[in-house]
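What the coordinates show
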Amino acid sequence: MDQPRVGLFVTCLVDLFRPVIGFSAVALLERAGCQVEVPTDQTCCGQPAYNAGDLKNSRSIAQSVIRAFEDFDYIVAPSGSCAGMLRAHYPDLFKDDPEWSPRANHLAQRTHELISFLVDIRGMASVENVGFEAQATYHDSCSGLRELGVKAQPRRLLATVEGLDLNELPGAETCCGFGGTFCIKYPDISNRMVADKTADITATGADLLLAGDLGCLMNMAGKLKREGSTTQARHVAEVLAGMTEGPAIGEPEKAPGT
Amino acid sequence: MKPQSHLFKENAKKALNDANLARALNNMKAGFQDKRRATIAKLPEFQDLRDQARDLKNHTLENLDFYLSRFEDRVTEKGGHVHWARTPAEAREAVLEICRSVDAKTVTKGKSMVTEEIGLNDFLIESGLTPIETDLGEYIIQLRHELPSHIIAPAIHLNKEDVAETFRENHTQLDPNRRLDQVQDFTDEARAILRQKFQSADVGITGANFLIAETGSTVIVTNEGNGDLTQVLPKVHIVVASIEKTIPTLEDSATILRVLARSATGQEYSTYTTFSTGPRRPGDLDGPEQFHVVILDNGRSALLGTEAQDTLRCIRCGACMNHCPVYGSVGGHAYGWVVPGPIGAALDPGLIGLEEAHDLPNASTFCGKCAEVCPMKIPLPKIMHHWRVKEHEAKLSPPRFRQGLAMWAWFARRPRLYRLGANAAIGMLGRLGAKRGRFAKLPLAGGWTAHRDLPAPSRGTFQQQWARHKRSQAPSSS
Ligand code: SF4
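Residues numbered from 1 in each chain as written. Chains lettered and ligands numbered in written order. Predicted model: local features only at pLDDT ≥ 70, side-chain atom pairs only at ≥ 80, totals over all residues. Heavy atoms only, no water.

**Overview of the overall build of chain A**
- Check the secondary structure of chain A and you find 13 helices and 8 strands.
- What you see for chain A is a C-alpha radius of gyration of 18 Å, in line with the 18 Å of a compact globule of 258 residues.
- When the backbone C-alpha atoms are referred to their principal axes, chain A occupies close to 55 × 45 × 35 Å.
- Residue burial in chain A is summarised as follows: out of 258 residues, 62% are buried.
- Within chain A, contacts between residues separated by at least 24 positions form 77% of all contacts whose residues are at least 6 apart in sequence.
- Total accessible area computed for chain A in this model is approximately 9100 Å², and 49% of it derives from carbon and sulfur atoms. (Helix = DSSP H or I, 4+ residues; strand = E, 2+ residues; numbered from the N terminus. Rg over C-alpha atoms; globule rule 2.2 N^0.38 Å. Buried < 20%, exposed > 50% of the residue type's maximum accessible area, 1.4 Å probe, protein only. Contact = heavy atoms within 4.5 Å. Areas by Shrake-Rupley, 256 points an atom, 1.4 Å probe, with all protein chains shown as cover.)

Encoded structure:
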């Protein structure tokens, strides 16, 4: 399998809010020798329903994801949270279903979070000819960290980006308070958590915040902007792919000519 | 106690506005987390011990009837008495009956969450007795008529100033100008006052960290030594414990003790670990004349064999709350019942009912930190998820949330329609937001934009842009 066929699980947030992460993922996967396809009949991994305890809808969404990605060698998502859903929770959803259980398990075994896939499965050790001048800090999103063991991989690749200095974020492993529907259901608690997080980010003096999950990034970037901070936020894949010409998360588009 | 968990949202909001509480919680987090990390780093077999502890407790729970009756037999052999209580009321009655039989007036108490659970203090007061908490934290909240806000540090929500004020209000016999600004001052003052009470107590009540089936012993773990005085000085010692505290052997207690204090306070061992086996024997230098164990079920046996069974492995170390960012934001009182934090969110719906407690398992981001630190490897988020499933089945979540979710799921299952809707919505939002790059306010997103901006989408979804990209590549690549 020297050129594996990878199905990109775009994730609903990247599809809707930040396509550049999807393009970055495709570019990185292609650099890692993969042949990438993007099935059009994908929507979301079903986490909002799953986390709300709605197993019926979770199952039917999961079935459509399984169908759409059945034929790929790997399924890769630029999100630890969505990859974790496919890997850790789909098998659970169908554990009593003799028809779907093997299909869910099969999908789960081939599903990976983007950066850990590049490093652990494709053996990527560096990004070549990519530079980005920044004092960066990195937040470990919870699902990627605890469900999938994503910790060293992004740091390893970021260390090879020219001009980028990575300062460790104190409490990098503490949840930012996003939690999917949590931030809508308990806005006040979520606010305290994200405010604690942005205080830590600001204290590092970083001008760039990186993470591997757009949900967390939108939460932290939204709070930083509300606080009037100039720290920018980007998905780690954008920096690794060198796709940083566009605006950072929550920043305006640059007027033409500037 | 009467649960207040249905008021979680309101109480959480109040807690978030309490600057003193925020300060106390921040101090707590830093202290407990750093200490735990440091002690665990010194014990390479810590992870193996967690597995052992989990396995031995699973084994016990699978054979709980056997070990409980074995425990009863041993206690009886040693001259003690076991009292079975299905409900809090039965447990309270059992305690009262013992107190009445020796004509007790004053009862000293060691720290015990189960006696909080059954509302023992109020009941004893109503029955004409005087219960006195002897653990410093419990003593403080007893004076303040509050509930514990943490299972190992009941007064963690208070600052030094709060405690000084409480002492000045209550200990009016002392010099009003005395110094009260160090923890040591509080300890000294409480000790001096409690010493007289220990002497006059007729009955001492403690909880138990373990009930050892092999020997009929009960075990308590403390740092202040108050538990020992509570159970040794009075004529009668009553242990109140719940069924899941049982473990098979003395050896097993050693396994769990090695993870308990490390997870709780970051100590290698607590200062005092006290084993009590039966009443004083002829020739013993001290010990009570009577030894009673009241064993409470209160809904726990109904959890056996369910997805929530794993909660019964809990050894109440508090590590999950010490590391929980939600608990760290709102503190323990917001949870509205004796056991707060992640273990409360996983256990309370089973004990006080889902209708009362359904907010608790929802108030979690599923970040997984609790399960990562739990010495008994309880899959806390998984159990919270189980309660959400039950909540959904029982239609207990807010109707607006359910409707929104149902509508979203309807689209998510129909990729084509979803795409049409997404393209339209994103097209509009993208145009509206392009100039600022974010929204400070947006209809239907009030929960989000109340506290933070919403980053605007770019022009067009990824799928739209990808399709365009593919089309533009098509001629050259063919
Ligand atoms: S659930 Fe685990 S971490 Fe929490 S109190 Fe119980 S044993 Fe300790």
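**Examining the environment of Ser329 of chain B**
- Note on placement: Ser329 of chain B falls in helix H14 (residues 325–330).
- Assessed through its relative accessible area of 2%, Ser329 of chain B is described here as buried.
- Setting aside residues no more than four positions away along its own chain, Ser329 of chain B makes contact with Ile189, Arg192 and Met193 of chain A together with Leu16 and Leu25 of chain B.
- A distance of 2.8 Å separates a polar side-chain atom of Ser329 of chain B from the backbone oxygen of Pro325 of chain B. (Polar contact = N/O pair within 3.5 Å; in protein donor to acceptor, adjacent residues only side chain to side chain.)

**Re the interface of chain B and chain A**
- Every contact between the two is made by 63 residues of chain B and, on the other side, 65 residues of chain A.
- A buried area of about 5700 Å², summed over both sides, lies between chain B and chain A, and 61% of it is on carbon and sulfur atoms.
- When residues of chain B are sorted by the area they lose upon contact with chain A, His451, Arg452 and Phe462 of chain B head the list and together hold 13% of the total.
- Where chain B touches chain A, the interface holds 6 salt bridges.
- Among the ionic pairs, Asp15 of chain A bridges to Arg419 of chain B, the shortest N-O distance being 3.3 Å.
- Seen at the junction of chain B and chain A, the total is 28 residue pairs in polar contact (both at pLDDT 80 or more). (Buried area = accessible area lost by both parts, 1.4 Å probe. Salt bridge = Lys/Arg side-chain N within 4 Å of Asp/Glu carboxyl O.)

**Description of the pairing of strand E2 (residues 106–109) of chain B**
Residues and elements named next belong to chain B.
- Residues Thr106 and Thr108 line one face of E2 and the alternating positions Val107 and Lys109 line the opposite face, and both faces are buried.
- Here E2 runs beside strand E3 (residues 130–133); their pairing, made up of 4 bridges, is parallel. Bridge pairing in E3 links Lys109 to Glu133.
- In the sheet, E2 pairs with strand E4 (residues 203–206) via 3 bridges, with the strands oriented parallel. Across the sheet, residue Thr108 finds its bridge partner in E4, namely Gly204. (Pairing = 2+ DSSP bridges.)

**Remarks on the sheet that holds strand E5 (residues 210–212) of chain B**
Residue and element names in this part refer to chain B.
- Strand order across the open sheet formed by 4 strands is E8-E5-E6-E9, with mixed pairing between neighbours. Strand pairing shows two members of the sheet lacking a second neighbour, strand E8 (246–247) and strand E9 (272–276), which therefore form its edges.
- Judged from the 5 bridges that link them, strand E6 (residues 217–222) and E9 form a sheet pairing that is antiparallel. Across the sheet, the residue bridging to Val219 is Phe275, located in E9.

**Here we look at helix H21 (residues 415–433) of chain B**
- The end-to-end C-alpha distance of H21 of chain B, which contains 19 residues, comes to 25 Å, matching closely the 27 Å that a straight helix rising 1.5 Å per residue would cover.
- Of all the residues in H21 of chain B, the buried ones are Pro415, Tyr418, Arg419, Ala422, Ile426, Gly427, Leu429, Gly430 and Gly433 of chain B. (Expected span 1.5 Å × (residues − 1).)

**Topic: the packing of helix H4 (residues 55–69) of chain A against helix H6 (residues 100–110) of chain A**
Residues and elements named next belong to chain A.
- Between H4 and H6, the least distance of the axes is 10 Å, while the angle of their chain directions is 65°. In this structure, H4 crosses over H6, and the sense of that crossing is left-handed. Contact residues: Gln63, Ile66, Arg67 and Phe69 in H4; Trp100, Arg103, Ala104, Leu107 and Arg110 in H6.
- When grouped by side-chain class, the residues that make up the contact of H4 with H6 number 5 nonpolar, 1 polar and 3 charged. (Axes fitted to C-alpha atoms, helices over the stretch in contact; angles between N-to-C directions. Left-handed = near helix turned anticlockwise from the far one by under 90°. Nonpolar A, V, L, I, M, F, W, Y, C, P; charged D, E, K, R; others polar.)

**As for the domain arrangement of chain B**
Residues and elements named next belong to chain B.
- Partitioning chain B into structural domains gives domain 1 (1–22 + 306–397), domain 2 (43–298) and domain 3 (416–471).
- For domain 1 and domain 2, the distance between their C-alpha centroids amounts to 23 Å.
- At the interface, 30 residues of domain 1 touch 31 residues of domain 2.
- Between domain 1 and domain 2, the buried area comes to about 2800 Å², and carbon and sulfur atoms account for 58% of it. (Domains from an automatic or database assignment.)

**Topic: H4 of chain A**
- Here H4 of chain A spans 21 Å end to end across 15 residues, near enough to the 21 Å set by a 1.5 Å rise per residue.
- For H4 of chain A, the secondary structure elements touched by its buried residues are strand E1 (5–8), helix H3 (47–51), strand E3 (74–77), helix H5 (80–93) and H6 of chain A together with helix H20 (399–412) of chain B.
- The residue sitting at the N-terminus of H4 of chain A and contributing the capping side-chain oxygen is Asp54 of chain A; that oxygen lies 3.4 Å from the backbone nitrogen of Lys56 of chain A.

**Side note on the sheet that holds strand E6 (residues 162–166) of chain A**
Residue and element names in this part refer to chain A.
- Strand order in the open sheet made by the 4 strands is E6-E5-E7-E8, with parallel pairing throughout. The open sheet is flanked by E6 and strand E8 (232–235), the only strands paired with a single partner. When the angles between neighbouring strand axes are averaged without regard to direction, this sheet yields 35°.
- Relative to E8, strand E7 (residues 208–211) is paired through 4 bridges, and the arrangement is parallel. Looking at the pairing, Leu210 lines up with Arg234 of E8.
- Strands in contact with helix H12 (residues 214–226) are E7 and E8; relative to E7, the strand with the most contacts, it is inclined by about 160°.

**Observations regarding the packing of aromatic side chains**
- Following the criterion strictly, the structure yields 16 aromatic pairs over all chains and no others.
- Look at Tyr186 of chain A and Phe8 of chain B: their rings are 6.1 Å apart centre to centre, the planes differ by 75°, and that puts the pair in the edge-to-face class. Of this pair, Tyr186 of chain A sits in the loop between helix H10 (182–185) and helix H11 (187–204) while Phe8 of chain B is found in helix H1 (residues 8–16), placing the two residues in two different chains. For the pair Tyr186 of chain A and Phe8 of chain B, one class covers both residues: buried.
- By way of ring pairs, the aromatic residues Phe182 and Tyr186 of chain A together with Phe8, Tyr327 and Tyr335 of chain B are connected into one cluster.
- Note that Arg103 of chain A overlies the ring of Trp100 of chain A, its terminal NZ or CZ placed 4.0 Å from the centroid.
- Against the face of Trp410 of chain B rests Arg414 of chain B, its NZ or CZ located 4.0 Å from the ring centre. (Phe/Tyr/Trp six-rings, centres within 6.5 Å; stacked < 30°, edge-to-face > 60°. Lys NZ or Arg CZ within 6 Å of the ring centre and 35° of its normal.)

**A word on a nonpolar patch on the surface**
Residue and element names in this part refer to chain B.
- Together, Met407, Trp410, Phe411, Leu417 and Leu420 give the surface a local cluster of nonpolar side chains, amounting to about 510 Å² of exposed area.
- If you list the elements that add at least two residues to the nonpolar patch, you get H20 and H21.
- In this structure, Phe411 sits in helix H20. (Patch = residues over 30% accessible without salt bridge, like charges linked within 9 Å, V, L, I, M, F, W, Y side chains within 5 Å.)

**Remarks on unusual backbone geometry**
- In this structure, Thr11 of chain A takes a positive phi of about 80° despite not being glycine.
- The exposure class of Thr11 of chain A is buried, given its relative accessible area of 5%.
- Non-glycine residue His145 of chain B carries a positive phi angle of around 55°.
- As for its placement among the helices and strands, His145 of chain B is situated in the loop between helix H8 (136–143) and helix H9 (160–170).

**Side note on the domain arrangement of chain A**
Residue and element names in this part refer to chain A.
- Each assigned domain of chain A is listed with its residue range as follows: domain 1 (5–121) and domain 2 (131–241).
- Summarising the inter-unit geometry, the C-alpha centres of domain 1 and domain 2 are found 22 Å apart.
- Between domain 1 and domain 2, the contact holds 28 residues from the first and 23 residues from the second.
- For the pair domain 1 and domain 2, the summed buried surface comes to about 2000 Å²; carbon and sulfur atoms form 69% of the total.
- At the boundary of domain 1 and domain 2, one finds 1 salt bridge.

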